[in-house]
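Letter by letter, the chains look like this.
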Amino acid sequence: METILEIKKLNVSIQQKKEWHEILKGVSLRVGRGECIGILGESGSGKSMTMKAAMGILDRQFKTEGVINFKGNEISKLSSESRRRMRGREMTMIMQQPMTAFDPLYTIGYQMEETLLTHGIKNRRERLNLCSSIIEKMCIPNAKKVLSQYPYQLSGGMLQRVMIGLAMTLKPDVIIADEPTTAIDAITQYQILSEFKKIVAEGNTSVVFISHDIGVLSHVASRIYVMNSGRVVDSGELSQLKVNAKDNYTRKLLKTYEQLRCQYDVQFGKEAVC
Ligand SMILES: Nc1ncnc2c1ncn2[C@@H]1O[C@H](COP(=O)(O)OP(=O)(O)O)[C@@H](O)[C@H]1O
Ligand SMILES: [Mg+2]
């Protein structure tokens, strides 16, 4: 499978009180075209930081070393302006805190339409139809009302789903979804995950799915990278990890997952074997 995004030996550190603290230590991972990979790890393990570094959106206060290759080019060498141009069109990250991605002064509908317009959808009716269908596809009730509302009137989870829906419509090469199904009910979670699976099945868009939930990742990701304290401690298909996980933390997660698997199988519509 063609590699679309590759992170090689990524180190990120931050200076605090004149001392450098390492946050990421030699993180390497690769994403194939049309593949969905999962990044698994508990809070603070470095999942978001890894993908923000890949996107080139870390503040100047962070020192970054390592290589990021995207579509065969070493983008870690590019100017910040060139990297900015790639974002949205070629690589999109749906943040854990989506409020920052919206302008508080404009309605959701206006901002969605603007995004669609920038991506070349010139026909107004087409844009309006797309806006409504995105809201519906993302399981947000009352599309008409939502489109006329302002960002503060929607929950973080709803805003995140608006972003996911837009990204899926615009189909960049890579969508990075940072904990996109946290704090939503099981049915909605199942539907959102199904949308991710659909877009991956089309074959052109790759997804990096960040989660602390192995059950969710087992449903969408073909391979999983496990992070702990700023390092990748295990990687591979879930079935491989079950046999040869090296890290204690991974083994602990797998054990809990096995105990809860029945519940996940029911939740994600698989035939439960328990
Ligand atoms: N602005 C910051 N300043 C200092 N440390 C930070 C900052 N942002 C994140 N970190 C540290 O980096 C580590 C990884 O954070 P993050 O990638 O957000 O974790 P995750 O997404 O896995 O929950 C954490 O230990 C966190 O404390
Ligand atoms: Mg995070």
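What counts, and where the lines are drawn
The residue count restarts for each chain, going from 1 along the sequence in the order it is written. By the order in which they are written, chains take letters starting at A while ligands take numbers starting at 1. Totals for whole chains, interfaces and linings use all residues, but because this is a predicted model, local features are given only for residues with pLDDT of at least 70 and pairs of side-chain atoms are given and counted only at 80 or more. As a rule here, side-chain values come from all non-hydrogen atoms in the structure, and water together with hydrogens is ignored. Counting from the N terminus, the helices are the DSSP runs of H or I reaching at least four residues and the strands are the DSSP runs of E reaching at least two. Two things to know: the radius of gyration comes from C-alpha atoms, and the globule rule equals 2.2 Å times the number of residues to the power 0.38. Only protein chains enter the accessibility calculation, which uses a 1.4 Å probe; a residue whose area is less than 20% of its type maximum is buried, one above 50% is exposed, and one in between is partly exposed. By the convention used here, residues are in contact when the closest approach between their heavy atoms is within 4.5 Å. When DSSP locates at least two bridges between a pair of strands, those strands are taken to pair. Only nitrogen, oxygen and sulfur atoms qualify as donors, provided they sit within 2.8 Å of the metal or within 3.2 Å for Na, K and Ca; with water excluded from the atoms, sites may seem incomplete. Summary of the distance rule: residues count as near a molecule or strand when at least one heavy atom falls within 4 Å of that molecule or strand. In protein, a polar contact means a hydrogen-donor-capable atom and an acceptor-capable atom, both N or O and within 3.5 Å, with residues adjacent in sequence counting only if both atoms are side-chain atoms; elsewhere, any N or O pair within 3.5 Å suffices. Only the protein chains shown count as cover for residues, with accessible areas throughout obtained via the Shrake-Rupley method and a probe of 1.4 Å. Basically, the charged four are Asp, Glu, Lys and Arg, the nonpolar ten are Ala, Val, Leu, Ile, Met, Phe, Trp, Tyr, Cys and Pro, and anything else, Gly included, counts as polar.

1. Re the overall build of the protein
Each helix and strand counted, the protein has 10 helices and 10 strands in total. Whereas a compact globule of 274 residues would reach a radius of gyration of roughly 19 Å, the protein reaches 19 Å, a difference of no more than 12%. Counting only C-alpha atoms, the protein reaches 55 × 50 × 40 Å along its principal axes. When the 274 residues of the protein are sorted by exposure, 48% land in the buried category. Of all intrachain contacts in the protein linking residues separated by at least 6 positions in sequence, the fraction that spans at least 24 positions is 66%.

2. Some thoughts on the pairing of strand β9 (residues 223–228)
Burial of β9 is extensive: 6 of the 6 residues sit out of reach of the surface. Side chains Arg223, Tyr225 and Met227 project from β9 onto one buried face, and the interleaved Ile224, Val226 and Asn228 project onto a second face that is buried too. Where strand β3 (residues 36–40) lies against β9, 4 bridges are found, and the strand directions are parallel. Counterpart to Gly38 in the pairing with β9 is Ile224. Sheet topology places β9 next to strand β10 (residues 231–236); 5 bridges connect them, and they run antiparallel. Counterpart to Met227 in the pairing with β10 is Val232.

3. A short note on the coordination of the magnesium ion (ligand 2)
Coordination sphere of the magnesium ion (ligand 2), protein contribution only: Ser48 (OG) and Gln96 (OE1), at 2.0 to 2.4 Å. Taken together, the residues span a long stretch of sequence, with Ser48 in helix α1 (residues 47–55) and Gln96 in the loop between β6 (91–94) and α3 (108–118) at a distance of 48 residues. Judged by its relative accessible area of 17%, Ser48 falls in the buried class. Overall, the relative accessible area of 38% leaves Gln96 in the partly exposed class.

4. Brief notes about the environment of Met93
In this structure, Met93 sits in strand β6. Separated by 55 residues in the primary sequence, Met93 and Gly38 place their C-alpha atoms 14 Å from one another. Each residue touching Met93, except ones within four places of it in the same chain, is listed here: Ser48, Met51, Lys52, Met55, Ile57, Ile176 and Asp178.

5. Observations concerning the site of ligand 1
Every residue near ligand 1 is listed here: Ile14, Gln16, Ile23, Glu42, Ser43, Gly44, Ser45, Gly46, Lys47, Ser48, Met49 and Phe62. Between Ser48 and ligand 1, the recorded distance is 2.8 Å, taken from a side-chain N or O atom to an oxygen atom. Note that an oxygen atom of ligand 1 is positioned 2.8 Å from one of the backbone N or O atoms of Met49. Protein chains bury 61% of the 560 Å² of accessible surface belonging to ligand 1 in isolation. Looking at the shell around ligand 1 element by element, the count peaks at 3 residues for α1. Taken together, the residues of the shell around ligand 1 break down into 4 nonpolar, 6 polar and 2 charged.

6. Quick word on unusual backbone geometry
One non-glycine residue, Lys17, adopts positive backbone phi at about 50°. For Lys17, a relative accessible area of 84% puts it in the exposed group. Even without being glycine, Lys71 reaches a positive phi, approximately 50°. Note that Lys71 resides in the loop between β4 (62–70) and β5 (73–74).

7. A word on the sheet that holds strand β2 (residues 19–32)
With respect to topology, 4 strands assemble into an open sheet ordered β2-β1-β4-β5, the strand pairing being antiparallel. Strand pairing shows two members of the sheet lacking a second neighbour, β2 and β5, which therefore form its edges. By the bridge criterion, 10 bridges tie strand β1 (residues 3–16) to β2 in an arrangement that is antiparallel. Within the sheet, the bridge partner assigned to Val12 lies in β2 and is Leu24.

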